[in-house]
Structures are given as C-alpha cells and as structure tokens.
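Chain residues, written in single-letter form:
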Amino acid sequence: LRGLTLVNGRSAGSSGVVYANGAGDVEIIDSEVRDCSAGDNGGVVSAYGSGTVSIIGSTMTSCSAYNGGVVYAWYSGAVSISGSNVSGCSAGYNGGVVYASDGGAVS
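Here goes a summary of the coordinates provided. (Residues numbered from 1 in each chain as written. Predicted model: local features only at pLDDT ≥ 70, side-chain atom pairs only at ≥ 80, totals over all residues. Heavy atoms only, no water.)

## Structural notes on the pattern of salt bridges
Counted according to the given criterion, the structure contains one salt bridge. For Arg34, the salt bridge goes to Glu32, with nearest N and O atoms at 2.6 Å. Note on Glu32: relative accessible area 29%, which makes it partly exposed. (Salt bridge = Lys/Arg side-chain N within 4 Å of Asp/Glu carboxyl O. Buried < 20%, exposed > 50% of the residue type's maximum accessible area, 1.4 Å probe, protein only.)

Following this line, the structure appears as structure tokens:
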C-alpha cells in the first residue's frame, strides 16, 4: 500500500487493514492510517506465516487491537517501522504497537 489514507478500518477478528495468511511481504509506505481496529490481532496488519512487515514513512494514529495495536506477526518475517510516526495506538493485552512471536527481528 503506497500513498494512501486509510480511515476507520474495522474487523471483529484479525486486522483492521491488511490480513496476510501465508502471504508474501506486507509494505505500507508513505501512507496515513488512523482509527483502525481489530477485536483480536493487529489493528493495522495481521501476518501469520508470512514475509516481512515494513511500515515506512507513514503515520499510524489511534489504532488498536487485543494483541498488536499496529502489527501482529506470528511465524512471520521481520517487522520494521522506520521514518514513521505512531501515536495513540494501544493493545488490550500485548504489544501496544507490535506483537511479534516466533518470527524475525523487530526494529
């Protein structure tokens, strides 16, 4: 996703914006994401057994989930947030911004 404004993405399950299950890499570049939520995992991105998750030059505001307010990555590649602003994001249980388990590095 590049150069987009995404607002009010919602899911009762996983991911308010991108759900990647056994998929390739996920990239959010030069975008604004706000007020997105998931009742379960990943307010913005849920990645299960997928490639890397990269958020570059973007703004994430007021995103939330039970686990991983912005990114939930399980058995996936590295998670990288660079040159981005993250504010007001939260999780009900684990990882206000990133929850990563059994995968690559987080930076």
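## What about unusual backbone geometry?
The backbone of Ser15 sits at a positive phi, close to 75 degrees, despite the residue not being glycine. As for its placement among the helices and strands, Ser15 is situated in the loop between β2 (10-11) and β3 (18-21). Even without being a glycine, Asp30 presents a positive backbone phi close to 50 degrees. Residue position: Asp30 is located in the loop between β4 (26-29) and β5 (32-34). Relative accessible area serves as the criterion here: at 49%, Asp30 is assigned to the partly exposed category. (Helix = DSSP H or I, 4+ residues; strand = E, 2+ residues; numbered from the N terminus.)

## As for the sheet that holds strand β11 (residues 71-74)
Through backbone hydrogen bonds, the strands of a sheet pair up, either in parallel or in antiparallel fashion. Spatially, β3-β7-β11-β15 is the arrangement adopted by the four strands of the open sheet, whose pairing is parallel. The open sheet has two edge strands, β3 and β15 (98-101), and neither has a second partner. Sheet twist, expressed as the average angle between the axes of neighbouring strands with direction ignored, equals 0 degrees. Pairing of strand β7 (residues 45-48) with β11, which is carried by four bridges, proceeds in the parallel orientation. Bridging from a neighbouring strand, Val45 pairs with Val71 of β11. (Pairing = 2+ DSSP bridges. Axes fitted to C-alpha atoms, helices over the stretch in contact; angles between N-to-C directions.)

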